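Residue-level listing of the chains:
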Amino acid sequence: MTNLFEYAPAPESRSVVDIAPSYGLFIDGEFTEAADGKVFKTVSPSTEEVLSEVARAGAEDVDRAVKAARKAFDKWSALPGAERGKYLFRIARIIQERSRELAVLETLDNGKPIKETRDADLPLVAAHFFYYAGWADKLDHAGYGPNPRPLGVAGQVIPWNFPLLMLAWKIAPALATGNTVVLKPAETTPLSALFFADICRQAGLPKGVVNILPGYGDAGAALTAHADVNKVAFTGSTAVGKEIARTLAGTDKKLTLELGGKGANIVFDDAPIDQAVEGIVGGIFFNQGQVCCAGSRLLVQESIQDELLDSLKRRLSTLRLGDPLDKNTDIGAINSAEQLSRITALVETGEAEGAERWSPECELPSTGYWFAPTLFTGVTQAHTVARDEIFGPVLSVLTFRTPDEAVAKANNTPYGLSAGIWTEKGSRILAVANKLRAGVIWSNTFNKFDPTSPFGGYKESGFGREGGRHGLEAYLDV
């Protein structure tokens, strides 16, 4: 399908961000080199240009950061809640003031389109800090008994798909409840966390309350296993989550895990087709499908399959893939060469197993890491693409005849993070939602987030909740 109008380029200016040639680790309020002097490069996935060189944390640095956090804990936890809240409000306002700069930075380092970082990620990051700032002096009324106490030092490990948003999900409730933090951002996206360290200094946050350690998996492992860490929060793959759970078994550390998913988006025959198509596209192609709660399995009632797929293919043909800094771009770059090869391998497996692959005509840029939006039809529950988390812009389409069959197929997965239901009957939404084993269920929408609403999974998608009043529990000694 040809567009009647060509879109002129509408690039967001990079001049709003000043990226230094090198960054250190942020420990005890200061930027410092790694103990062994190791560094790594962070690359922009859309152009493969090196953005900066970053200090790489090792076990010795983890120890230093945990000590700094422990030292800061006594004073920070003794502050009245209203005082801690003031720091969080200040951080939230600075994030709002610097949101354009942070949005461009996130797009450069992660590869996702500027309209997503600008309109989704950054407003949510600020909202999380505002929300938990409000809780800081109301913990007595959170439902966890009078005067609930913080745990101590929180070791937090976050992924690369929403670098700043995952930081906010972790740090805001930890600080509101009086804990101190050592956070390890993902090795492919360390920059926004390091800019956040600067925001902590700008807000006058006491030294040692927040420490940021860019590094690889070995730094994450050292942090989660550290003897003086009281609480571990991890968002990432199920395999690593299981490893952390094994390491922490038998210790008294509190643990929350937010892991993979294979969300089912269920479309019944009375659903508004056009609205459903927008929800399906947003559910799997938002952030190039690199979302743990993505609606990566489409379950469509048999009687409307043809009509829905025609409409969906038409919509996919209008998506624009390209420069993530262009305000018209819908689909940005895949985060890394490693992730791209994983997506490619799983898609090839899907074809080899007999599923039918379709992509719109789509010109991929010559540099960077790109993958065209992809649909698989003729998929059964036995296909790898219906079972494994692909973490890319790939949708598997399955059909069903009855609500019971839809529920059985939706639940036939080791994961249980998210699901979507599309129908105009409220009674059906409630009846189906009650039977789905998923932590978050959207009705007639998808991928809607709010700091007041808890998020988390069942089964291999992890345990514990982040966001809302429920998100405080993970950081309190209750």
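Because the structure is predicted, anything quoted here is derived from the model rather than measured. (Residues numbered from 1 in each chain as written. Predicted model: local features only at pLDDT ≥ 70, side-chain atom pairs only at ≥ 80, totals over all residues. Heavy atoms only, no water.)

## Here we look at the sheet that holds strand S5 (residues 50-55)
Stage number 1. If you walk across this open sheet you meet the three strands as S1-S5-S4, and the pairing is mixed. Of all the strands in the sheet, just strand S1 (22-23) and strand S4 (39-43) have a single pairing partner and so form its edges.
Stage number 2. Pairing between S4 and S5: five bridges, direction antiparallel. In the sheet register, valine 43 faces S5, and the bridge partner there is valine 50.
Stage number 3. Across the face of the sheet, helix H6 (residues 191-202) comes into contact with S1, S4 and S5 while running at roughly 65° to S5. (Pairing = 2+ DSSP bridges. Helix = DSSP H or I, 4+ residues; strand = E, 2+ residues; numbered from the N terminus. Contact = heavy atoms within 4.5 Å. Axes fitted to C-alpha atoms, helices over the stretch in contact; angles between N-to-C directions.)

## Considering the nonpolar core
Stage number 1. The biggest cluster of nonpolar side chains holds 107 residues, and the ones touching the most others in it are Ile95, Phe129, Leu167, Phe196 and Leu312.
Stage number 2. For this core, the element with the most residues is helix H5 (residues 163-176), which contributes eleven residues.
Stage number 3. The residues that make up this core include at least three from each of domain 1 (14-259 + 458-475) and domain 2 (264-443).
Stage number 4. Core analysis: the next-biggest nonpolar cluster, separate from the first, contains 29 residues, Ile334, Phe376, Val379 and Ala410 among them. (Core = buried A, V, L, I, M, F, W, Y, C linked by side-chain atoms within 4.5 Å. Buried < 20%, exposed > 50% of the residue type's maximum accessible area, 1.4 Å probe, protein only. Domains from an automatic or database assignment.)

## Focus: the UniProt feature "domain: Aldehyde dehydrogenase" (unreviewed entry) in the chain
Stage number 1. As annotated in UniProt, the feature "domain: Aldehyde dehydrogenase" (unreviewed entry) corresponds to residues 32-477 in the numbering used here.
Stage number 2. Taken end to end, residues 32-477 is 41% helix and 15% strand, and its two terminal C-alpha atoms sit 32 Å from one another. (UniProt positions renumbered as here; feature names shortened; annotations may be inferred.)

## Details of the pairing of strand S12 (residues 297-301)
Within a regular beta strand, the side chains point alternately toward one face of the sheet and then the other, so they alternate between its two faces.
Stage number 1. Most of S12 sits inside the fold, with five of its five residues counted as buried.
Stage number 2. Of the two faces of S12, the one carrying Arg297, Leu299 and Gln301 and the one carrying Leu298 and Val300 are both buried.
Stage number 3. Pairing of strand S11 (residues 264-267) with S12 involves four bridges; the strand directions are parallel. Note on S12: the bridge partner recorded for valine 267 is valine 300.
Stage number 4. The handedness of the S11 to S12 crossover, carried by helix H9 (residues 273-285), is right-handed. (Right-handed = clockwise from strand over helix to strand, strands pointing away.)

## Topic: the environment of valine 104
Stage number 1. Assignment of secondary structure puts valine 104 in helix H3 (residues 99-110).
Stage number 2. Once the C-alpha coordinates of valine 104 and lysine 138 are considered, the two residues, 34 residues apart in sequence, prove to be 35 Å apart.
Stage number 3. With residues up to four places along the chain from it excluded, the contact list for valine 104 reads Glu12, Ser13, Arg14, Val16, Val17, Ile114 and Leu325.

## A look at the sheet that holds strand S17 (residues 440-443)
Stage number 1. With mixed pairing, seven strands are arranged side by side in an open sheet as S13-S14-S15-S12-S11-S16-S17. Among the strands making up the open sheet, the edge pair consists of strand S13 (356-358) and S17. Along the sheet, successive strands turn relative to each other by an average axial angle of 20°, direction set aside.
Stage number 2. Two strands pair when backbone bridges link them, and S11 and strand S16 (residues 418-422) are joined in this way by four bridges, in the parallel orientation. Counterpart to alanine 264 in the pairing with S16 is alanine 419.
Stage number 3. Those strands touched by helix H10 (residues 305-316) are S11, S12, S13, strand S14 (374-377) and strand S15 (394-400), and its axis lies near 140° from that of S12.
Stage number 4. Of the strands in this sheet, S13, S14 and S15 touch helix H11 (residues 337-352), which is tilted by about 25° from S14.

## Some details on the pattern of salt bridges
Stage number 1. As enumerated under the stated definition, the model contains 28 salt bridges in all.
Stage number 2. For glutamate 101, the salt bridge is made with arginine 98, and the minimal N-O distance between the two is 3.0 Å. The same class applies to glutamate 101 as to arginine 98, namely buried.
Stage number 3. The salt bridge partner of glutamate 460 is lysine 242, with a shortest N-O separation of 3.2 Å. Taken together, the residues glutamate 460 in the loop between S17 and strand S18 (462-463) and lysine 242 in helix H8 (residues 238-248) connect sequence positions 218 residues apart.
Stage number 4. Residue classification places glutamate 460 among the partly exposed positions, given a relative accessible area of 30%.
Stage number 5. Classification of lysine 242 by relative accessible area gives partly exposed; the value is 39%.
Stage number 6. Look at the salt bridges and you will find they share partners, linking Glu30, Arg201 and Lys207 into a network. (Salt bridge = Lys/Arg side-chain N within 4 Å of Asp/Glu carboxyl O.)

## Considering unusual backbone geometry
Stage number 1. The backbone phi angle of phenylalanine 391 is positive, close to 60°, even though this residue is not glycine.
Stage number 2. Assignment of secondary structure puts phenylalanine 391 in the loop between helix H12 (384-387) and S15.
Stage number 3. For asparagine 444, which is not glycine, the phi dihedral falls at a positive 55°.
Stage number 4. By relative accessible area, asparagine 444 is classed as partly exposed at 23%.

## Things to note about H3
Stage number 1. Here H3 spans 16 Å end to end across twelve residues, near enough to the 16 Å set by a 1.5 Å rise per residue.
Stage number 2. For H3, the tally of buried residues reaches ten of twelve residues, placing the bulk of the element in the interior.
Stage number 3. Taken residue by residue, H3 has Glu101, Leu102, Ala103, Val104, Leu105, Glu106, Thr107, Leu108, Asp109 and Asn110 as its buried positions.
Stage number 4. Looking at the buried residues of H3, the elements they touch are S4, S5, helix H2 (81-97), helix H4 (114-135), H5 and H6.
Stage number 5. Glycine 111 occupies a position one or two residues after H3 and carries a positive phi of about 100°. (Expected span 1.5 Å × (residues − 1).)

## Things to note about the pairing of S15
Stage number 1. For S15, the tally of buried residues reaches seven of seven residues, placing the bulk of the element in the interior.
Stage number 2. In this structure, S12 lies alongside S15, joined through five bridges in parallel fashion. Along S15, the bridge assignment pairs leucine 298 with valine 397.
Stage number 3. As defined by bridge partners, S14 adjoins S15 across three bridges and the pair is classed as parallel. Bridge pairing in S15 places phenylalanine 376 opposite serine 396.

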